[in-house]
Every structure is written in C-alpha cells, then in structure tokens.
Amino acid sequence: MEPRLWYIRNADMFSWLREDEQMELAKRSEMVTCKRNSRFFFAEEPSDNIFLVKQGRVKLLRASPEGREIILDILGPGEIFGELALTGEERRSHSAEALDDAMVCIIARKDFEELLRRHPEMALRVLKLIGLRRRELEMRLEDLVFQPLAGRLAITLMWQAQRLGVTEGDGSIRIPLAQKDLAFLIGASREAVAEQLSEMKRLGLVKTSYRTIRIIDQSGLKNFVRRHSYEATHT
C-alpha cells in the first residue's frame, strides 16, 4: 500500500472516509520527513496548510516579544495541527517544530475545505478537536496561575504520560521528553525543573535519563500534587 494512503487510512480523522476519497486525499497530500528541531512553520506565516503527524512528535510553540517560548501542545502520530487554517486564520498564531525526527503529511487548505464541504460531519470533528485543545490549554493556564511549580510539573507529567507515555513491563510509564521542553510546557526555568525532578526522584516517584522521564509511582505523584496544592493555599 502506498505510504501516504496507509497513514491517512489509519488516522482517526480520515479512517471513516470511503476508500476512493482516502486515495484522492493521499494523491493531493505531500509527505515530508524532517530532522529534530526543524520548523514546519513560524508565527505570522500564511496559514494555508494542514498537517498530519505520521511519525515522531511535533511541538506547538508561542514566543513572547522578548523571545521567551512556551510549548502549547505536543502531538504524536495520527494527530493533526495547523487546523486553525480552517477557521479563517490568515496567518499563524504560533510555530510548529519537530520534537523528534518526524514525518508529516501536508494537505493544502483548499483541498481540506473541499473535503469538509462534501462531509459536513467532518467539520464537526474538526470543531470538536479545536474545542478540546482550547479546553486543555485553558486548564493548563489555570495550573500556571493557581498551582505552585511542583504541582504544575507533576500535573504535566501525568498529562504527558496519558497522551504520549509508553507503559513498560515493570508498570512504569516512559515519557520521551527533555527537561528543557518540560520547562517550556510549564513556564519555568530548566534549573527549577531539574530541582523539582530531583525531589521527585528522592521520593521514588520518577527516574530520569537522557531526554526521558519515567513515572515510577503514579499514585504517589497524585498525592504529591495534592500535598503541594494544599501547602500553596494554606501558607
């Protein structure tokens, strides 16, 4: 089977389309491979394509006027990004960068819009996706405001474990994430994240290695969040 067709057929967003429609979409799409840290697009560039992650992971970033970056989301295989092009966005509000060596499928906005015209139910799927990502972002913003650093870090680790974690034979959950990217996710310095991870390691909650964090004790990590949240509101 042609690789583009295989990936489209196995993506939740497109798996229910008729075979001839999947084949047509595959023909109109472009497959691109890139190295880690390559940018797919920058903020303020024209918003004219939608991307499907085939392999690897992609992070969505936004930078302050001073150049400080924060990661909005991290996406894995089968997920799409750049979908705000379908809502009338003329220029990108953020950047997208490969977190690993990655492969993506690029679909022109006009081709995706034609698909939506033929299948209004897909438009509902896209709206649900946008709504879900907005709710997740709002919840993370609440954590940034109301949670202490330790709580933000633990919550983010649990969130990433649920989305992109790999369960190992010993029951631990491996999260392929560098401490620098984890810092960008929670709006903290790398040094502060390293300090908190050291505390979690001391308590037997996590282990760390190169570009990887492993959750050892999930229930203990939840208790860690509750304890630090309580302390933050009672001091």
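All residue numbers refer to position in the chain's written sequence, counted from 1. Totals for whole chains, interfaces and linings use every residue, but because this is a predicted model, local features are given only for residues with pLDDT of at least 70 and side-chain atom pairs only at 80 or more, for both listing and counting. The side-chain numbers reported here are obtained from all heavy atoms of the structure, hydrogens and water having been left aside.

The protein is annotated in an unreviewed UniProt entry as Crp/Fnr family transcriptional regulator of Geoalkalibacter halelectricus.

**Some points on the overall build of the protein**
Helix numbering and strand numbering both begin at the N terminus, where a helix is a DSSP run of H or I of at least 4 residues and a strand a DSSP run of E of at least 2. Scanning the protein for helices and strands turns up eight helices and 12 strands. C-alpha atoms define the radius of gyration in this analysis, and the globule rule sets the expected value at 2.2 Å times the number of residues to the power 0.38. Whereas a compact globule of 235 residues would reach a radius of gyration of roughly 18 Å, the protein reaches 19 Å, a difference of no more than 12%. Its C-alpha atoms give the protein principal-axis dimensions of about 60 × 45 × 30 Å. Summary of the burial criterion: residues with accessible area below 20% of their type's maximum are buried, those above 50% are exposed, and those between are partly exposed, where the area comes from a 1.4 Å probe applied to protein chains only. Classification of the 235 residues of the protein by burial places 45% in the buried group. Residues are treated as being in contact if the distance between any of their heavy atoms lies within 4.5 Å. Within the protein, contacts between residues separated by at least 24 positions form 70% of all contacts whose residues are at least 6 apart in sequence. Shrake-Rupley sampling with a 1.4 Å probe provides the accessible areas, and residues are treated as covered by the protein chains on show and by no other component. If you sum the accessible surface of the protein, you get close to 12,500 Å²; carbon and sulfur atoms cover 52% of it.

**Quick word on the packing of aromatic side chains**
Think of a pair of aromatic rings as described by two things: how far the centres are apart, and how the planes are tilted against each other in angle. Two rings from Phe, Tyr or Trp (for Trp, the six-membered ring) form a pair when their centres sit within 6.5 Å of each other. Planes less than 30 degrees apart are called stacked, planes more than 60 degrees apart edge-to-face, and all others tilted. Scanning the model with the defined rule gives six aromatic pairs in all. Considering the side-chain rings of phenylalanine 51 and phenylalanine 81, the 4.8 Å spacing of their centres and the 10° angle between planes classify their relative orientation as stacked. Taken as a pair, phenylalanine 51 in strand E3 (residues 49-55) and phenylalanine 81 in strand E6 (residues 80-81) lie far apart in primary sequence, 30 residues in all. You can call phenylalanine 51 buried: its relative accessible area is 4%. An aromatic cluster is defined as three or more aromatic residues linked by ring pairs; in this entry it consists of Phe40, Phe41, Phe51 and Phe81. Taking the ring centre of phenylalanine 41 as reference, the NZ or CZ of arginine 92 above it sits at 4.1 Å. Only lysine NZ and arginine CZ atoms are considered, and such an atom sits over a ring when it is within 6 Å of the ring centre and within 35 degrees of the ring normal.

**Thoughts on helix H5 (residues 149-164)**
Given a helix with a known number of residues, its expected span is that number minus one, times 1.5 Å. The end-to-end C-alpha separation of H5 is 22 Å, in line with the 22 Å expected for 16 residues at 1.5 Å each. Regarding H5, the residues found buried are Ala150, Gly151, Arg152, Leu153, Ala154, Thr156, Leu157, Trp159, Gln160, Ala161 and Leu164.

**A word on the UniProt feature "domain: Cyclic nucleotide-binding" (unreviewed entry) in the protein**
Following the UniProt record, one finds the feature "domain: Cyclic nucleotide-binding" (unreviewed entry) at residues 13-122. The span residues 13-122 is 21% helical and 37% strand by assignment, and the distance between its end C-alpha atoms comes to 8 Å. UniProt positions are given in the numbering used here, feature names are shortened, and annotations may be inferred rather than shown by experiment.

**Here we look at the pairing of strand E4 (residues 58-63)**
Strand pairing is assigned whenever DSSP detects at least two bridges linking the two strands. With six bridges connecting them, E4 and strand E5 (residues 69-75) associate as antiparallel partners. Each bridged residue has a counterpart across the sheet, and for leucine 60 the counterpart in E5 is aspartate 73. The hairpin formed by E4 and E5 contains five residues between the paired strands, and glycine 67 there has a positive phi angle of roughly 95°.

**Regarding the pattern of salt bridges**
The working definition used for a salt bridge is a side-chain nitrogen of Lys or Arg within 4 Å of a carboxyl oxygen of Asp or Glu. The full count for this structure, using the stated rule, is 21 salt bridges. Ionic pairing is found between aspartate 20 and arginine 18, a salt bridge with its closest N-O pair at 3.1 Å. The partner of arginine 57 in a salt bridge is aspartate 100, and the shortest N-O contact between them spans 2.7 Å. In this pair, arginine 57 is assigned in the loop between E3 and E4 and aspartate 100 in the loop between strand E7 (95-98) and strand E8 (102-108), connecting sequence segments 43 residues apart. Both residues of the pair, arginine 57 and aspartate 100, count as buried. Because the salt bridges share partners, they merge into one network encompassing Arg18, Asp20, Glu21, Glu114, Arg117 and Arg118.

**Focus: the side chain of serine 172**
One can find serine 172 in the loop between strand E9 (166-167) and strand E10 (173-175). Given a relative accessible area of 3%, serine 172 falls into the buried group. For serine 172, the residues in contact, after removing those within four places along its chain, are Val166, Thr167, Arg214, Ile215 and Ile216.

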